[in-house]
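The lines below spell out each chain.
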Amino acid sequence: MNINHRAEAERHLSTASYTDRPGGSAANPAAAAHHLAMAQVHATLAAAETAAADTASYRHTIHTLRFALVRQVAEGLALSEGDEAHQHAAGLARHLASVDLNIDAEVDAYIEGIWGDPKDARLTPTERKAKWMAEPTPWDVQPTPEAAQPPF
């Protein structure tokens, strides 16, 4: 059961004020003191709820911003077409690591999800292209003499 502590505090304050007589003397001083104490307890709990909500909101904002950084660096490394854009993403990752915000593991996981092997994404686009050009394709492979002979 969820309690609205602010409403409860207001209810106890209202009840405590009703125990006062128009002449200024309390009809039941013990009841008025009890309601004032309960109002203070609920007001304190209401303040703690607000602080907890603020903390949860800040935590959510931090996680959202961290994911935005991870995505920006990962896509900058994996999808950049020029070396300069790639260097900006790599520089951002190095700077974050230097201020104890190392996101390399999250970047590698994100790159693996959109690209495949994160090691290739760490290469500059020029290095990546040179590596791919050096690798033989299935069309570049020359058949062996045994493979050229019919099986019969």
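Report on the accompanying structure. The model shown is predicted, which means the values in this text are computed figures rather than measured ones. Each chain has its residues counted from 1, running along the sequence as written. For a predicted model such as this one, the threshold for reporting local features is a pLDDT of at least 70, and the threshold for listing and counting side-chain atom pairs is 80 or more; totals across whole chains, interfaces and linings nevertheless cover every residue. Excluding hydrogens and water, the side-chain figures rest on all heavy atoms present in the structure.

Considerations on the overall build of the protein chain
Counting secondary structure elements, the protein chain contains seven helices and zero strands. Taking the intrachain contacts of the protein chain between residues at least 6 apart in sequence as the baseline, contacts between residues at least 24 apart amount to 59%. Summing over all exposed atoms, the protein chain offers an accessible surface of approximately 11200 Å²; the carbon and sulfur share of this is 60%. Each helix is a run of H or I in the DSSP string that is no shorter than four residues. Each strand is a run of E no shorter than two, and both are numbered from the N terminus. Whether two residues are in contact is decided by their heavy atoms: any pair within 4.5 Å suffices. Surface accessibility follows the Shrake-Rupley procedure with a 1.4 Å probe radius. Residue values consider only the protein chains on display as shielding.

Notes on the packing of aromatic side chains
For any pair of aromatic rings, the description consists of the separation of the ring centres together with the inter-plane angle of the planes. Centre distance within 6.5 Å is the pairing criterion for rings of Phe, Tyr and Trp, where only the six-membered ring of Trp is used; planes under 30 degrees apart are then read as stacked, over 60 as edge-to-face, and the remainder as tilted. Inspection of every chain in the model, using the stated rule, returns one aromatic pair. Here the aromatic rings of phenylalanine 67 and tyrosine 110 are separated by 6.1 Å at their centres, their planes lie at 70 degrees, and the arrangement is edge-to-face. Within this pair, whereas phenylalanine 67 is found in helix H2 (residues 29–79), its partner tyrosine 110 is found in helix H4 (residues 104–114), the two being separated by 43 residues in sequence.

Brief notes about the side chain of aspartate 120
You can see aspartate 120 is positioned in helix H5 (residues 118–121). Distance and chemistry together define a polar contact, namely a pair of N or O atoms within 3.5 Å, with one atom able to donate a hydrogen and the other to accept it when in protein, and with adjacent residues in sequence counting only for side-chain atoms on both sides. Of the polar contacts made by the side chain of aspartate 120, one reaches the side chain of lysine 131; its length is 2.6 Å. Contacts of aspartate 120, omitting those with residues within four sequence positions, involve Trp115, Arg128, Lys131 and Trp132.

What to know about the side chain of threonine 124
Structurally, threonine 124 can be placed in the loop between H5 and helix H6 (125–134). Exposure is judged per residue with a 1.4 Å probe applied to protein chains only, and the accessible area is read against the type maximum: over 50% gives exposed, under 20% gives buried, and values in between give partly exposed. For threonine 124, a relative accessible area of 11% puts it in the buried group. The residues contacting threonine 124, other than those within four sequence positions of it, are Asp83, His86 and Gln87.

Structural notes on the environment of serine 80
Within the secondary structure, serine 80 is located in the loop between H2 and helix H3 (83–98). Taking the C-alpha atoms as reference points, serine 80 and proline 125, 45 residues apart in sequence, are found 7.0 Å from one another. Those residues in contact with serine 80 that sit more than four places away from it in its chain are Glu75, Ala85, His86, Pro125 and Arg128. Polar contacts involving the side chain of serine 80 include one to the main-chain carbonyl oxygen of glycine 76, which spans 2.9 Å.

Things to note about the pattern of salt bridges
In what follows, salt bridge is the name for a side-chain nitrogen of Lys or Arg lying within 4 Å of a carboxyl oxygen of Asp or Glu. Overall, the coordinates contain six salt bridges when judged by the stated rule. Of the charged contacts in the structure, one is a salt bridge between glutamate 106 and arginine 66, with a shortest N-O distance of 2.9 Å. With glutamate 106 in helix H4 and arginine 66 in helix H2, this residue pair connects regions lying 40 residues apart in the sequence. Residue glutamate 106 is classed as partly exposed on the basis of its relative accessible area of 33%. A salt bridge links glutamate 75 to arginine 71; its shortest N-O distance comes to 3.2 Å. Residue glutamate 75 and its partner arginine 71 are located together in helix H2, separated by four residues, close to a single helical turn. On the basis of relative accessibility, which here comes to 42%, the residue arginine 71 falls in the partly exposed class. Residues joined by salt bridges that share partners form a network here, namely Asp104, Asp108 and Arg122.

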